[in-house]
Structures are given as C-alpha cells and as structure tokens.
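Descriptive structure summary
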Amino acid sequence: QVQLVESGGGLVQPGGSLRLSCAASGSICSINAMAWYRQSPGKQRELVANIFSSSNTNYADSAKGRFAISRDNAKNTLYLKMNSLKPEDTAVYYCNADIRTTAISVWTNYWGQGTQVTVSS
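Now for a description of the structure that goes with this document. (Residues numbered from 1 in each chain as written. Predicted model: local features only at pLDDT ≥ 70, side-chain atom pairs only at ≥ 80, totals over all residues. Heavy atoms only, no water.)

1. Examining the overall build of the protein
Definition in use: Strands are runs of DSSP state E lasting at least 2 residues, helices are runs of H or I lasting at least 4, and numbering of each runs from the N terminus. Based on C-alpha atoms, the radius of gyration is set beside the globule rule, defined as 2.2 Å times the residue count to the power 0.38. Remark: exposure states derive from per-residue accessible area (1.4 Å probe, protein chains only) relative to the maximum for the residue type, with buried under 20%, exposed over 50%, and partly exposed in between. Using the Shrake-Rupley algorithm and a 1.4 Å probe, accessible areas are obtained, with residue cover drawn only from the displayed protein chains.
Check the secondary structure of the protein and you find zero helices and 11 strands. Starting at the N terminus and ending at the C terminus, the protein contains elements arranged as β-β-β-β-β-β-β-β-β-β-β. Relative to the compact-globule value of 14 Å for 121 residues, the protein shows a C-alpha radius of gyration of 14 Å, a close match. Considering only C-alpha atoms, the protein reaches an extent of 45 × 25 × 25 Å along its principal axes. Counting all 121 residues of the protein, 40% fall into the buried class. Here the protein displays about 6400 Å² of accessible surface, and carbon together with sulfur accounts for 46% of that area.

2. Comments concerning the environment of S70
The condition is simple: Should any heavy atoms of two residues lie within 4.5 Å, those residues are considered in contact.
Structurally, S70 can be placed in strand β7 (residues 67-72). Look at S70 and you get partly exposed, because its relative accessible area is 33%. Each C-alpha atom of the pair S70 and L80 lies 6.5 Å from the other, and the pair is 10 residues apart in sequence. Excluding anything up to four places from it in sequence, S70 contacts I51, T77, L78 and Y79.

3. Looking at the pattern of salt bridges
Definition in use: What makes a salt bridge here is a side-chain nitrogen of Lys or Arg within 4 Å of a carboxyl oxygen of Asp or Glu, nothing more.
What the rule picks out here adds up to four salt bridges. Two residues, R38 and D89, come together in a salt bridge whose shortest N-O distance is 3.0 Å. Here R38 is found in strand β4 (residues 28-39), whereas its partner D89 is found in the loop between β8 (77-82) and β9 (91-101), with 51 residues between them in sequence. Each member of the pair, R38 as well as D89, is classed as buried. For D89, the salt bridge goes to R66, with nearest N and O atoms at 2.8 Å.

4. Points about the state of the cysteines
So the rule is basically this: Disulfides are defined in this document as cysteine sulfur pairs within 2.5 Å.
Going through the model one piece at a time under the given rule, you end up with one disulfide. Put simply, C22 and C95 are joined by a disulfide, and their sulfur atoms are 2.1 Å apart. The disulfide joining C22 to C95 has a torsion of about -75° about its S-S bond and is therefore left-handed. With C22 in strand β3 (residues 18-26) and C95 in strand β9, the pair connects residues that are 73 residues apart, well separated along the chain. With relative accessibility at 0%, the residue C22 sits in the buried group.

5. What about the environment of A103?
When you line up the elements, A103 lands in the loop between β9 and β10 (108-111). As a C-alpha pair, A103 and C29 span 74 residues in sequence and 8.8 Å in three-dimensional space.

6. Concerning the side chain of S40
Mapped onto the secondary structure, S40 falls in the loop between β4 and β5 (46-51). S40 sits in the buried class, given a relative accessible area of 16%. Leave out the neighbours within four places in its chain, and S40 touches T90 and A91.

Structure representation (structure tokens):
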C-alpha cells in the first residue's frame with residue numbers, strides 16, 4: 001500500500017511564500033514522474049508543475065517564475081516552493097506520483113489527499 005501525504009498548506013497574505021511537501025510511503029520500489037495539481041471551487045483540477053526522475057521539470061504558465069518544484073529521491077519526497085502568492089493561487093493542492101511497488105511491477109498512479117492553500121489579506 002502506498003500513501004502520499006501533503007503538508008505545508010495554510011493561510012498566507014498576498015506576496016507571501018509557502019513550501020508544500022509530499023511524502024510518499026509504503027513498499028515503494030521506484031518513483032517516476034511526480035507532480036503538483038490544484039483545484040479551486042467550481043474549477044477543474046489543473047497541473048501546476050511536474051518533475052521527472054531525470055529532474056526535468058514543467059510548469060503551468062501561472063506558476064512560471066514564481067513556483068519551484070523539486071524532489072528528494074532518497075526521502076521519496078516532493079516539494080513545491082511558492083513565492084509571490086496571489087489570491088488566485090487559493091486552492092487545494094494535490095500531490096501525484098507514478099510509483100512501482102515491490103508487490104506490483106507496473107507503474108501505478110497515486111494521489112494525495114490534498115492540502116489547502118489560502119491567499120488572502
């Protein structure tokens with residue numbers, strides 16, 4: 001069984017910063033792509049950024065220049081540093097990862113439960 005647990009969300013003023021973390025645990029053999037998504041009320045879930053095992057990264061236009069995705073492969077942990085936050089960044093942020101476990105040899109996609117980020121004065 002694999003779990004992705006996000007942390008680091010909260011209330012921040014416009015212009016502030018937050019760092020989200022996502023720790024993967026369980027019988028993990030390897031992790032390929034990892035990503036952060038977000039969903040605001042009434043909107044579809046959207047990709048914020050992703051990072052591959054090669055460390056190549058991609059960002060949504062809304063995140064470019066403000067957010068930085070990174071990973072610690074030794075700790076099976078994903079991060080998202082968010083700077084210059086805006087009210088429109090308010091959303092539930094979800095961690096996503098493609099993981100191969102010791103029991104299942106195929107890549108399986110997993111989601112975390114989400115962490116709320118609220119940007120407001």
